[in-house]
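Listed below, chain by chain, are the residues.
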Amino acid sequence: MLAHGRIADTAESEAGFSAEDRFEDEDYPAYSMGAAAEMLGVSPAFLRALGAAKLIEPRRSGGGHRRYSRYQLRLAARARELVDQGTPVEAACRIIILEDQLAEALRINNERDRPAGH
């Protein structure tokens, strides 16, 4: 989840949803830090740096382990792209946060400007 938005209530995300619903929920914290790092080809330290920069704040399991959603993995993959191009981690995170805020503002404007019934 982005530090500034897309925060879903864990109890709401887990209670009342079937396993199939969780597969469809891009905000469901399904991936451990190790699995996330392996999928992205990054180190766990990179994921922790993204958390320190407030790009993503993983949920915690009952045992305190970090758990990442598909949405967070997409953000982390975008951060890795920028870092691989030479952008410092903190700057990459700020760019992604701004991109996300812009996309959300555009979505809201498009919904507002759409005629009723469409």
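Look up a bit, the structure's there.
Computed from a prediction, not measured in an experiment: that's the story for all the values here. (Residues numbered from 1 in each chain as written. Predicted model: local features only at pLDDT ≥ 70, side-chain atom pairs only at ≥ 80, totals over all residues. Heavy atoms only, no water.)

### Brief notes about the sheet that holds strand β2 (residues 59-60)
Two pairing modes exist for strands in a sheet, parallel and antiparallel, and in both the strands are linked by backbone hydrogen bonds.
Next, step 1: Here three strands make up an open sheet; going across it, the order is β1-β3-β2 and the pairing antiparallel. Because the sheet does not close on itself, it has two edges, and the strands there are β1 (31-32) and β2.
Next, step 2: Both β2 and strand β3 (residues 66-68) contribute to a ladder of two bridges, which runs antiparallel. Considered in β3, the bridge of Arg60 is made with Arg66.
Next, step 3: Here helix α5 (residues 70-84) sits on the sheet and contacts β1 and β3; the angle it forms with β3, its principal contact strand, is near 85°. (Pairing = 2+ DSSP bridges. Helix = DSSP H or I, 4+ residues; strand = E, 2+ residues; numbered from the N terminus. Contact = heavy atoms within 4.5 Å. Axes fitted to C-alpha atoms, helices over the stretch in contact; angles between N-to-C directions.)

### Regarding the pattern of salt bridges
Next, step 1: This model, assessed by the stated rule, comprises seven salt bridges.
Next, step 2: Notably, a salt bridge pairs Arg74 with Glu26, separated by 2.5 Å at the nearest N-O pair. Of this pair, Arg74 sits in helix α5 while Glu26 sits in the loop between α2 (19-24) and β1, and the two are 48 residues apart along the sequence.
Next, step 3: Residue class for Glu26 comes out partly exposed when judged on its relative accessible area of 24%.
Next, step 4: Residues Arg107 and Glu111 are paired through a salt bridge, measuring 2.6 Å at the closest nitrogen-oxygen approach. Here Arg107 pairs with Glu111, and both are found in helix α6 (residues 89-113), just four residues apart, close to one helical turn.
Next, step 5: Each of the salt bridges in this network shares a partner with another, and the network as a whole consists of Arg78, Glu81 and Glu99. (Salt bridge = Lys/Arg side-chain N within 4 Å of Asp/Glu carboxyl O. Buried < 20%, exposed > 50% of the residue type's maximum accessible area, 1.4 Å probe, protein only.)

### Some points on unusual backbone geometry
Next, step 1: Non-glycine residue Lys54 carries a positive phi angle of around 70°.
Next, step 2: Topologically, Lys54 is positioned in the loop between α4 (44-52) and β2.
Next, step 3: Assessed through its relative accessible area of 49%, Lys54 is described here as partly exposed.

### Considerations on helix α3 (residues 33-40)
Next, step 1: Within α3, the full set of buried residues consists of Met33, Ala36, Ala37 and Leu40. Taken down its axis, α3 places every buried residue within 95° of arc, on the same side. Exposed side of α3, more than 90 degrees from the buried face: Glu38 and Met39 are the residues found there.
Next, step 2: On its buried face, α3 is in contact with β1, α4, β3 and α5.
Next, step 3: Count one or two residues on from α3 and you reach Gly41, which has phi positive near 70°. (Arc of directions from axis to C-beta.)

### Structural notes on the nonpolar core
The tendency in soluble globular proteins is for nonpolar side chains to be buried as a group.
Next, step 1: Ranked by internal contacts, the top residues of the largest apolar core, which has 22 residues, are Leu47, Leu50, Leu55 and Tyr68.
Next, step 2: Elements supplying a minimum of two residues to this core: α3, α4, α5 and α6.
Next, step 3: A per-element tally of this core places α5 first, with six residues. (Core = buried A, V, L, I, M, F, W, Y, C linked by side-chain atoms within 4.5 Å.)

### Observations regarding the environment of Leu75
Next, step 1: Counting through the fold element by element, Leu75 comes out in helix α5.
Next, step 2: Residue class for Leu75 comes out buried when judged on its relative accessible area of 9%.
Next, step 3: With 18 residues separating them along the chain, Leu75 and Cys93 place their C-alpha atoms 8.8 Å apart.

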